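# Summary of the model geometry
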Amino acid sequence: MSASLWALRVSALVPSALAAFAASGCITQDLQFVPPTNFPPSIEVPLGGAYPLDEVIQLRADEIGGGGDAGPISTLRFDVLVRDPDVDQELQYLVFVDYQRGVTLFPSGQGFVQPASGSASDRRVRSLPVQVPVLGQALSRAGCHRIEMLVSQRFSIEDGVPTRDPIAAGDLGTATWWVATQATEGDAVDMTGCP
């Protein structure tokens, strides 16, 4: 058989062989979607901001009702920064005062942290102002108090109330402030009795 005749026979067989292979269903793609890593957020106090994390906040119970020089203290305002590499993810925050498992049923505050705008210099950092009520609340009683802020993508819900547990394990940023509320000026506060 001449080489040209052999090449003609092979070229006639190739298309039919490819068609038979394709019809057998042997061409498959095993694609698996791997979701991107969800990084946990963190909470910071900006340099020079009120109520740094390493200082005890001092309050006086006799000033909270309006007896102080600065007028009544009804809330504490915390201006915090939430850092999260997942720049397009909406976050949720919860605030607890003197939390005790099985006793504290509701957070003192809650809300959402929207993604930073596209024009922000660093979209990983979001500014969050949070008001914590003082007047008529636990913080107005003399003694040591604990304020906790928790941030996550979402928290689990029980009986319509958010729990302290994030939906995704490990997806949690926390910050804690300690408050010493004096009965009157000069009174000592036992910080070992904090909840």
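What comes next is a walk through the structure. (Residues numbered from 1 in each chain as written. Predicted model: local features only at pLDDT ≥ 70, side-chain atom pairs only at ≥ 80, totals over all residues. Heavy atoms only, no water.)

## A look at the pattern of salt bridges
Counted under the stated rule, the structure contains 11 salt bridges. Residues arginine 60 and glutamate 63 are paired through a salt bridge, measuring 3.4 Å at the closest nitrogen-oxygen approach. According to the relative accessible area criterion, arginine 60 is buried, its value standing at 19%. Here arginine 77 and aspartate 79 are joined by a salt bridge, their closest N and O atoms 2.9 Å apart. You can call arginine 77 partly exposed: its relative accessible area is 41%. (Salt bridge = Lys/Arg side-chain N within 4 Å of Asp/Glu carboxyl O. Buried < 20%, exposed > 50% of the residue type's maximum accessible area, 1.4 Å probe, protein only.)

## Some words on the layout of surface pockets
Of the volumes computed, that of the largest pocket is approximately 340 Å³. A per-element tally of the lining of the largest pocket places strand β9 (residues 161-166) first, with five residues. For the lining of the largest pocket, the class distribution of residues is seven nonpolar, three polar and five charged. As a volume, the second largest pocket reaches approximately 210 Å³. Along the walls of the second largest pocket sit Phe96, Val97, Asp98, Thr104, Phe106, Ser108, Pro133, Gly136, Gln137, Ala138 and Arg141, which together make up its complete lining. Considering only residue class, the lining of the second largest pocket consists of five nonpolar, four polar and two charged. (1 Å grid on protein atoms, 1.4 Å probe; cavity = no way out; pocket = protein on both sides within 12 Å on 5 of 7 lines; lining within 4 Å. Points joined across faces, edges and corners; volume = space filled by probe spheres on them. Helix = DSSP H or I, 4+ residues; strand = E, 2+ residues; numbered from the N terminus. Nonpolar A, V, L, I, M, F, W, Y, C, P; charged D, E, K, R; others polar.)

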